[in-house]
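Fold and contact review
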Amino acid sequence: TQSENILGYYIGMERTPNSCRDSPNRIVLKDREVLLNVSMAYYRISISAFNKAGESPQAIYSVPDFSETDLPGQIHVKHQGTNAVVTWTPDYKPKCFVVDWGTGEENMHMKIVTTATGNFTLDNFQPYKLYKITVHASDMCQCESFMKHEKTFGVTHFYSVEGVPRTGPNNVTILNITKHSALVKWTEIAAEDCLGFLQGYRISYTDSLRTKSLAVTLNSSTTSYRLTGLKAKTIYHVQISGFTNAGEGPPTHSQLFSTQKYGTVVAEICFIQHQDS
């Protein structure tokens, strides 16, 4: 019954960040569907219905991060203390660029760059924090109009200073243990605990008598590894650590497992049915 009384909808679109401080764009619709062409900046969409009695409360929707593939340009970042110099080489020369940088939707900054130098200095970067830097191009540089015309040129991520991971990976488990092998699995180190770009993992394992210690280095996309060449009926200690360009972080607590005494035996039994004549 309420939907029959609705006369239309108000759609508000607000860019985050928006240093222009202008009011959000507002669209009036009768339909319940609208196509919005937006850049890869953060946006908040507000939707409310209205009738003769007035306007309903707003529903707020945050546009999620887009895929960063197939963008036309490359962005390069070089740190200088707490500052960073961002450079890019556009295929064409728009009237201005819009640069966004920050650690997330709630902590983003914005600057309209009207020079054609292809570089811009950003400041106040904190160490060990991952920053997202996005460059948009636009041929309309006035605050009231650039949002409708900006197109994302490129996206990059940046640490002003990298640190070592503050912790090792989580949920380390040992599975499929045999006489001479075992499968180690784990979940990746959370991004906020890496404190730098994670380059990979290091698995260290040794037998209980410490007569043989080995280490394996793996890339950052790996979350499992089969240990081979183990001794039968032997207890092993396993630890895993992550490393960045700044070095190796602390290992996980030691995980213990024991290899089997005997190998797996597979027996094949054949039944022959005799039929009485």
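Rules and cut-offs
- Residues numbered from 1 in each chain as written.
- Predicted model: local features only at pLDDT ≥ 70, side-chain atom pairs only at ≥ 80, totals over all residues.
- Heavy atoms only, no water.
- UniProt positions renumbered as here; feature names shortened; annotations may be inferred.
- Helix = DSSP H or I, 4+ residues; strand = E, 2+ residues; numbered from the N terminus.
- Buried < 20%, exposed > 50% of the residue type's maximum accessible area, 1.4 Å probe, protein only.
- Contact = heavy atoms within 4.5 Å.
- Areas by Shrake-Rupley, 256 points an atom, 1.4 Å probe, with all protein chains shown as cover.
- Pairing = 2+ DSSP bridges.
- Polar contact = N/O pair within 3.5 Å; in protein donor to acceptor, adjacent residues only side chain to side chain.
- Phe/Tyr/Trp six-rings, centres within 6.5 Å; stacked < 30°, edge-to-face > 60°.
- pLDDT = per-residue confidence, 0-100.
- Core = buried A, V, L, I, M, F, W, Y, C linked by side-chain atoms within 4.5 Å.
- Axes fitted to C-alpha atoms, helices over the stretch in contact; angles between N-to-C directions.

Under an unreviewed UniProt entry, the protein has the name SDK2 protein and belongs to Indicator maculatus. You can read under Subcellular location (unreviewed entry) in the UniProt record for the protein the words "Cell membrane". The record held by UniProt for the protein lists under Sequence similarities (unreviewed entry) the comment "Belongs to the type I cytokine receptor family. Type 2 subfamily."

Brief notes about the overall build of the protein
Within the protein, the secondary structure is distributed over 3 helices and 20 strands. Residues counted as buried form 38% of the 277 residues belonging to the protein. Pairs at least 24 apart in sequence give 63% of the contacts found in the protein among residues at least 6 apart. Of the accessible surface of the protein, which amounts to about 17300 Å², a share of 50% is contributed by carbon and sulfur atoms.

Considerations on the pairing of strand β8 (residues 96–104)
Counting buried positions over the 9 residues of β8 gives 8, a clear majority of the element. Two strands pair when backbone bridges link them, and β8 and strand β11 (residues 131–138) are joined in this way by 7 bridges, in the antiparallel orientation. Residue pairing across strands places Gly102 opposite Lys132, the latter belonging to β11. Bridge count between β8 and strand β9 (residues 107–113): 7 bridges; the pairing is antiparallel. Bridge pairing in β9 places Gly104 opposite Asn107.

With respect to the side chain of Glu105
Counting through the fold element by element, Glu105 comes out in the loop between β8 and β9. When its relative accessible area of 19% is taken as the criterion, Glu105 is described as buried. There is a polar contact of 3.4 Å between the side chain of Glu105 and the side chain of Arg44. With residues near it in sequence (within four places) discarded, Glu105 still touches Thr16, Tyr42, Arg44 and Ser62.

Structural notes on the packing of aromatic side chains
How two aromatic rings sit relative to each other is given by the distance of their centres and the angle of their planes. Counted under the stated rule, the structure contains 9 aromatic pairs. Measuring from centroid to centroid gives 5.3 Å for Phe125 and Phe158, while their planes differ by 80°, and the two rings are edge-to-face. Residue Phe125 is found in the loop between β10 (119–122) and β11, and its partner Phe158 is found in strand β12 (residues 151–158); the two are separated by 33 residues along the sequence. Just as Phe125 is buried, Phe158 falls in that class too. Among the aromatic residues, ring-to-ring pairing joins Trp88, Phe97 and Phe153 into one connected group.

Considerations on the environment of Ser208
Among the secondary structure elements, Ser208 is positioned in the loop between β15 (200–207) and β16 (213–219). With 48 residues separating them in the primary sequence, Ser208 and Leu256 have C-alpha atoms 9.1 Å apart. Other than its neighbours up to four places away in sequence, Ser208 contacts Ile235 and His237.

Digging into the confidence of the model for the protein
Within the protein, residue pLDDT values average 84, and 87% of them lie at 70 or more. Confidence scores differ between elements of the protein, with helix α1 (residues 2–5) showing the lowest mean pLDDT of 65 and strand β19 (residues 247–248) the highest of 96. Long-range and interchain partners of residues 265–272, a stretch whose pLDDT sits below 50, account for 0 contacts in this model, where long-range means more than four residues apart.

A look at the nonpolar core
Grouped together as the largest cluster of nonpolar side chains are 19 residues, with contacts concentrated most on Val184, Trp186, Ile203, Tyr205, Leu227 and Phe257. Of all the elements in the fold, those that place two or more residues in this core are β13 (170–175), β14 (182–187), β15, β16 and β18 (235–244). Ranked by size, the runner-up nonpolar core spans 17 residues in total, among them Trp88, Tyr131, Ala137 and Phe153.

Quick word on the sheet that holds strand β7 (residues 83–88)
Each strand in a sheet pairs with its neighbour through backbone hydrogen bonds, running either in the same direction (parallel) or in the opposite one (antiparallel). Taken in spatial order, the 3 strands line up as β6-β7-β10 in an open sheet, and their pairing is antiparallel. For this open sheet the edge positions go to β6 (75–80) and β10, each flanked by a neighbour on one side alone. Across the sheet, the mean angle separating the axes of adjacent strands is 20° when strand polarity is ignored. Here β6 pairs with β7 via 6 bridges, running antiparallel. Each bridged residue has a counterpart across the sheet, and for His76 the counterpart in β7 is Thr87.

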